[in-house]
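# Breakdown of the fold
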Amino acid sequence: MRLLHTMLRVGNLERSIEFYTELLGMKLLRTSENPEYQYTLAFLGYGEEDTHTVLELTYNWDKDSYDMGTAYGHIAIGADDIYAVCEELERRGADVYRKPGPVKGGSTVIAFVRDPDGYAVELIQE
């Protein structure tokens, strides 16, 4: 397993990309839009996603600001067998609150588990 990305919800995607690329020196690695679910994703980092942890910026088209308490989304961890990992997590008492399955609007298999403090951890099938 390895840490893949951290996601932040942003109210203005262009402004956020400019901040992370121009002020913090990250590279814009890729973007994707999902018109059906009305969101745009931008992935930024200091290296390629296959070897580095990156930052995912999520822009929900109907939202231009967030309270700081809701701005943080989740961390993501890649897993070789997401189903086995989730079974083991549940066996050990973890709250796997989103069972493994395809992400809305895509084919990537994901699941979500809460850490002991309630923070969301996304598991992604590699």
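Before any of the text, the structure's been laid out above.
These notes cover the structure that comes with them. (Residues numbered from 1 in each chain as written. Predicted model: local features only at pLDDT ≥ 70, side-chain atom pairs only at ≥ 80, totals over all residues. Heavy atoms only, no water.)

## Here's the deal with the packing of aromatic side chains
Tallying each qualifying case throughout the model produces three aromatic pairs. An angle of 90° between the planes, with centres 5.1 Å apart, marks the rings of Phe19 and Tyr20 as edge-to-face. Note on Tyr20: relative accessible area 16%, which makes it buried. Judged by centre distance (6.0 Å) and plane angle (85°), the ring pair of Tyr72 and Tyr119 falls under edge-to-face. Note that Tyr72 is positioned in strand 5 (residues 72-79) and Tyr119 in the loop between strand 7 (109-114) and strand 8 (120-125), a separation of 47 residues in sequence. Across the ring face of Phe43, the terminal group of Arg30 is positioned such that the distance to the ring centre comes to 3.9 Å. The ring centre of Tyr97 lies 3.8 Å from the NZ or CZ of Arg114, which sits over that ring. (Phe/Tyr/Trp six-rings, centres within 6.5 Å; stacked < 30°, edge-to-face > 60°. Buried < 20%, exposed > 50% of the residue type's maximum accessible area, 1.4 Å probe, protein only. Helix = DSSP H or I, 4+ residues; strand = E, 2+ residues; numbered from the N terminus. Lys NZ or Arg CZ within 6 Å of the ring centre and 35° of its normal.)

## Looking at the pattern of salt bridges
Counted by the stated rule, this structure contains five salt bridges. Between Glu49 and Arg30 there is a salt bridge, with its nearest N and O atoms 2.6 Å apart. You can see Glu49 sitting in the loop between strand 3 (39-45) and strand 4 (54-60) and its partner Arg30 sitting in strand 2 (residues 27-34), a full 19 residues away along the chain. A residue is classified by how much of its surface remains accessible, and Glu49, at 25% relative accessible area, is partly exposed. The residue Glu90 makes a salt bridge to Lys99 at a minimum N-O spacing of 2.1 Å. The class of Lys99 is partly exposed, set by a relative accessible area of 45%. (Salt bridge = Lys/Arg side-chain N within 4 Å of Asp/Glu carboxyl O.)

Honestly, it's all geometry; don't read function into it.
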